[in-house]
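Read off the chains here:
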Amino acid sequence: MELKANHAGAAIGFSTRKGEQVHARVASSFISWEQAERNLKELDGKNFEQTKEAARAAWNNTLGRIRVESDDAERMRTFYSCFYRSVLFPRMFFEYGEDGKPIHYSPYNGEVKPGYMFTDTGFWDTFRCLFPFVNLVYPSMGEKMQEGLLNAYLESGFFPEWASPGHRGCMVGNNSASVVADAFLKGITKADAEKMYEGLLKGANSVHPRISSTGRYGWQYYNELGYVPYDAGINENVARTLEYAYDDWCIYQMGKKLGRPSDELEVYKKRCQNYRNVFDPESGLMRGRNKDGKFQSPFNPFKWGDAFTEGNSWHYTWSVFHDVEGLIGLMGGKEKFAAMLDSVFALPPVFDDSYYGGVIHEIREMEIMNMGNYAHGNQPIQHMIYLYNYAGQPWKAQYWLREVMNRLYMPTPDGYCGDEDNGQTSAWYVFTALGFYPVCPGSDQYVLGAPYFSKATLTLENGKKIEISAPKNSDKNRYIRNLTYNGKSYTKNYFTYSDLLKGARLVYDMDSQPATNRGVKESDFPYSFSRDEAK
Ligand code: CA
């Protein structure tokens, strides 16, 4: 029987006698009937019990890469539930052909092509820490994903921003630049880097003819004015500007490594500062800006959507991943910057939902979480707490990160504080529980929080181990008094990818007293473009 429809399903029944067992093997393919039959070989003659055992072994192998130890079973459940969800996406969209090599049906041009393909991930969410998580823990899988991305570009002329399975009109930004650059700069991909870079330039200076969220909607304005104007009929324009500016920094970093011509590099080096064009000195926040250079008026920083995407100005102002030092300068220095971070929690959970014409679930989740205007249930703000490190107040990051882990993640059906979003909100927890987080993908740094468990061991693909030990750790002793790295005192407030790859023994002396910065000097702060590269 053959069924053709946009949504087709099938149900098969068996008439059985009491106690009789039926074993059915089912296979599917996006390519052909013959390929479906070939895919059946995956079961390799195993019976149900053997298949179940093989699956259990595969999961143990995958989740065995990180071992945490705790007396608190609830927290163990939460950790491994989050870890499990961190490895569900993106989905493999390739199959193995007759010769055992990967092939895929292309959702981009309808053809069957050689090589890898992945789908079902929105980069607006997952560039932040999900892809960096894959690159750290499962780089050989990350390498395949990069090959899949290159294939998507070759087959459609663009990198996807929201693949499901082809280009989907959804969200904003051009964050494929981050996903591509982070993997390239960490050296996990052998995919044709020049071709990948060509794809980034293409996406940065054009928009997909039918899908406005692929490439850069409003790119002409952005390239000409340095921002996407508020009054040009392009929605969520400040969010776009901020993300394009960070994406330009990613392109600049990759171009530099590839030794691209300096006049080309200058363009992206300059553009990565475009976040400054939507910073409003009067409110100290990011704000819509009209074509004539004037800021939008009236301006309500609690208004969700409009100039922003599923968040408000208080949530989006921090989206300067690559140049926090520059943002600190705009806000008037470290003290003022830290006070603005404090405000996010101190403000009431007020909101203006008029852009959406009603309370969207992300707004309701912020209210229910009861942490002021901190809206962890959606992505734009998820790196914010780590920014206390750039202001010399790491103990506040250590305080709030634990509050978020304790209050917003539970091993229950309502244990998430918002959309899980293809592993991003889960990978945030996994990183945060280990005590570090990739604030700026494309750099090789992870900014410090504090470990959540008294012991955790991460086994890397190269066999090296990252051993994290914090024996006095508790909700009370949540602050880091001292840290040793391979036996030596460590004062930086970040780790690097290249160091961690060599294996690391991290021993934390935890303390109940805030206001300890364990001797971190300004030169120990994480990367910021303005401090480390602009001059
Ligand atoms: Ca979301």
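See the structure shown above.
Note that the coordinates shown come from a computational prediction; the quantities given were computed from them, not determined experimentally.

Conventions and cut-offs
Residues numbered from 1 in each chain as written. Predicted model: local features only at pLDDT ≥ 70, side-chain atom pairs only at ≥ 80, totals over all residues. Heavy atoms only, no water. Helix = DSSP H or I, 4+ residues; strand = E, 2+ residues; numbered from the N terminus. Rg over C-alpha atoms; globule rule 2.2 N^0.38 Å. Buried < 20%, exposed > 50% of the residue type's maximum accessible area, 1.4 Å probe, protein only. Contact = heavy atoms within 4.5 Å. Areas by Shrake-Rupley, 256 points an atom, 1.4 Å probe, with all protein chains shown as cover. Donors = N, O, S within 2.8 Å, 3.2 Å for Na, K, Ca; no water. Salt bridge = Lys/Arg side-chain N within 4 Å of Asp/Glu carboxyl O. Pairing = 2+ DSSP bridges. Axes fitted to C-alpha atoms, helices over the stretch in contact; angles between N-to-C directions. Left-handed = near helix turned anticlockwise from the far one by under 90°.

Student: How should I be thinking about the overall build of the chain in this particular structure?
Tutor: When helices and strands are tallied, the chain shows 19 helices and 18 strands. What you see for the chain is a C-alpha radius of gyration of 24 Å, in line with the 24 Å of a compact globule of 535 residues. Counting only C-alpha atoms, the chain reaches 75 × 55 × 50 Å along its principal axes. The buried share of the chain, reckoned over its 535 residues, is 56%. The contacts of the chain with a sequence gap of at least 6 include a subset with a gap of at least 24, amounting to 69%. For the chain, the computed accessible surface area is about 22900 Å², with 51% contributed by carbon and sulfur atoms.

Student: Is there a simple way to think about the coordination of the calcium ion in this case?
Tutor: Angles between donor atoms at a metal ideally measure 109.5 degrees for a four-coordinate tetrahedral arrangement and either 90 or 180 degrees for a six-coordinate octahedral one. Coordination of the calcium ion by the protein comes from N378 (OD1), Q379 (OE1) and D421 (OD), over a distance range of 2.2 to 2.4 Å. Every donor residue of the calcium ion comes from the same chain, spaced as N-Q-x41-D. Linking N378 in the loop between α15 (361–369) and α16 (394–408) with D421 in the loop between α16 and α17 (424–434), this pair joins segments that are 43 residues apart in sequence. An identical accessibility class is assigned to N378 and D421; each is buried.

Student: Please explain the pattern of salt bridges as it appears in this structure.
Tutor: Once their charged atoms are close, side chains differing in charge can pair, the charge on each being opposite to the other. Counted by the stated rule, this structure contains 33 salt bridges. Across the pair K303 and D306 runs a salt bridge whose closest N-O atoms are separated by 3.5 Å. Judged by relative accessible area, K303 falls into the partly exposed class, the value being 22%.

Student: Even after reading the chapter, I still don't get the sheet that holds strand β4 (residues 102–105), so can you show me in this structure?
Tutor: The pairing of strands in a sheet happens through backbone hydrogen bonds and is either parallel or antiparallel. Strand order across the open sheet formed by three strands is β3-β4-β5, with antiparallel pairing between neighbours. Of all strands in the sheet, those bounded by a partner on one side alone are β3 (94–96) and β5 (112–114). In this sheet, adjacent strand axes meet at a mean angle of 35 degrees when their direction is disregarded. Relative to β5, β4 is paired through three bridges, and the arrangement is antiparallel. Across the sheet, Y105 pairs through a bridge with V112, a residue of β5.

Student: What is the right way to look at the sheet that holds strand β12 (residues 445–448) in this model?
Tutor: Within the open sheet, the three strands sit side by side as β11-β12-β17. Their pairing is antiparallel. Strand pairing shows two members of the sheet lacking a second neighbour, β11 (436–437) and β17 (494–496), which therefore form its edges. Relative to β17, β12 runs antiparallel, the two being bridged by three bridges. Across the sheet, Q445 pairs through a bridge with T496, a residue of β17.

Student: What's the story with the environment of V324 in this structure? I'm lost.
Tutor: Mapped onto the secondary structure, V324 falls in helix α13 (residues 324–331). The spatial distance from the C-alpha of V324 to the C-alpha of S530 is 8.2 Å, given a sequence separation of 206 residues. In contact with V324, not counting residues within four places along its chain, are F337, L387, Y390 and S528.

Student: How should the packing of helix α10 (residues 237–258) against helix α11 (residues 262–271) be read in this particular structure?
Tutor: Packed helix pairs are specified by the crossing angle of their axes together with the interaxial distance, meaning the distance between the axes. The interhelical angle for the contact between α10 and α11, taken along N-to-C directions, is 150 degrees, at an axis separation of 7 Å. Crossing of α10 over α11 shows left-handed handedness. Touching A245, D248, I251, Y252, G255 and K256 of α10 are L265, Y268, K269 and R271, all from α11.

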